[in-house]
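The residues making up each chain are set out below.
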Amino acid sequence: MKTFSDLSREIADLCAQIKERDIQRIVLATTSSYAFATGCLAALHTDCRIIVPPNALPGMLAHFVGADCPLLSDIEGAGGDHQILINGSQGVEADFKELDPGASFLDFYTSGSTGAPKRVHKTLSQIEKELIVLAQRR
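Basis of the calculations
Residues numbered from 1 in each chain as written. Predicted model: local features only at pLDDT ≥ 70, side-chain atom pairs only at ≥ 80, totals over all residues. Heavy atoms only, no water. Helix = DSSP H or I, 4+ residues; strand = E, 2+ residues; numbered from the N terminus. Buried < 20%, exposed > 50% of the residue type's maximum accessible area, 1.4 Å probe, protein only. Contact = heavy atoms within 4.5 Å. Core = buried A, V, L, I, M, F, W, Y, C linked by side-chain atoms within 4.5 Å. 1 Å grid on protein atoms, 1.4 Å probe; cavity = no way out; pocket = protein on both sides within 12 Å on 5 of 7 lines; lining within 4 Å. Points joined across faces, edges and corners; volume = space filled by probe spheres on them. Nonpolar A, V, L, I, M, F, W, Y, C, P; charged D, E, K, R; others polar. Disulfide = S-S within 2.5 Å. Polar contact = N/O pair within 3.5 Å; in protein donor to acceptor, adjacent residues only side chain to side chain. Salt bridge = Lys/Arg side-chain N within 4 Å of Asp/Glu carboxyl O. Phe/Tyr/Trp six-rings, centres within 6.5 Å; stacked < 30°, edge-to-face > 60°.

Engineer: So what's going on with the side chain of S125? Which residues, and what values?
Structural biologist: With respect to the helices, strands and loops of the structure, S125 is situated in helix α4 (residues 124-136). A residue is classified by how much of its surface remains accessible, and S125, at 18% relative accessible area, is buried. Discounting residues that sit within four places of it in the chain, S125 has contacts with P101 and G102.

Here's what the structure looks like:
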């Protein structure tokens, strides 16, 4: 069973790896929601623009992943040489900064079923507002 301390130390480890590479954009594709949350929080705390592809198939990832935009994933080897693996490694406890929802960016991509995948740009603030609306509709 994971604890909050585990989560924060895993995020701290990923933050250190992202900072070490001086990354500005990162592709986030995972098989588990825990890995997604861990990777997303690490990317946000290092001011990376997060790119969420429509799927994690090798052909799709090849369109997004590169030296200047590595893959952050729990899928071992999916990003080749351009990957930071989410594997549960833990860093030291970190003091995380308060996120600025208006300055935290995520790019989601449509499935591309009617052509090439299209980018849908969102800020964390927009996502939060959408979640509030969805919660009110329950």
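Text resumes after the structure shown.
Engineer: Describe the nonpolar core, listing the residues and the values that go with them.
Structural biologist: In this structure, I18, I26, I50, L72 and I84 are the most contacted members of the largest nonpolar core, which totals 21 residues. Mapped onto this core, the elements with two or more residues apiece are α1 (4-21), β1 (25-28), α2 (33-45) and β2 (49-52). With sequence-adjacent residues up to four places away left out, I18 is seen in contact with I23, I26, A42, A43, T46, C48, L72 and I84. Membership of the second largest hydrophobic core comes to nine residues, among which are A29, I51, M60 and V65.

Engineer: Could you give me a rundown of empty space enclosed by the protein, with the residues and numbers involved?
Structural biologist: By the definition in use, this model includes one cavity of 30 Å³ or more. By volume, the largest cavity amounts to about 40 Å³. Lining the largest cavity we find E10, D13, L14, Q17, L85, I86, N87, G88 and S89. Taken together, the residues of the lining of the largest cavity sort by class into three nonpolar, four polar and two charged.

Engineer: Help me get a handle on the state of the cysteines, residues and values and all.
Structural biologist: Tallying each qualifying case throughout the model produces zero disulfides. The thiol of C40 is unpaired, and the distance to the nearest cysteine sulfur, on C48, comes to 11 Å. According to the relative accessible area criterion, C40 is buried, its value standing at 12%.

Engineer: Give me the environment of S73: which residues, what numbers.
Structural biologist: By secondary structure assignment, the location of S73 is in strand β3 (residues 71-73). Its relative accessible area of 0% is what places S73 among the buried residues. Separated by 64 residues in the primary sequence, S73 and R9 place their C-alpha atoms 17 Å from one another. Setting aside anything within four residues of it in sequence, one finds S73 in contact with A29, T30, Q83, I84, L85 and I86. Of note is the side chain of S73, whose polar atom sits 2.9 Å from the backbone nitrogen of I75.

Engineer: So what's going on with the pattern of salt bridges? Residues and values would help.
Structural biologist: Overall, the coordinates contain six salt bridges when judged by the stated rule. One salt bridge connects E130 with K122, and the closest N-O pair in it is separated by 2.4 Å. Here the salt bridges do not stand alone but share partners, grouping R49, D107 and R119 into one network.

Engineer: Just give me the short version of unusual backbone geometry, but keep the residues and values in it.
Structural biologist: One non-glycine residue with positive phi stands out, namely D22, at about 55°. The residue D22 is located in the loop between α1 and β1 in this model. Of note, the phi angle at D47 is positive, near 60°, even though the residue is not glycine. For D47, a relative accessible area of 53% translates into the label exposed.

Engineer: Can you tell me about the packing of aromatic side chains, naming the residues and giving the values?
Structural biologist: Applying the stated criterion across every chain, the model contains one aromatic pair. Taking the centre distance of 4.7 Å and the plane angle of 65° together, the rings of F64 and Y109 count as edge-to-face. One end of the pair, F64, is in helix α3 (residues 58-64); the other, Y109, is in strand β5 (residues 105-109), with 45 residues separating them in the sequence.

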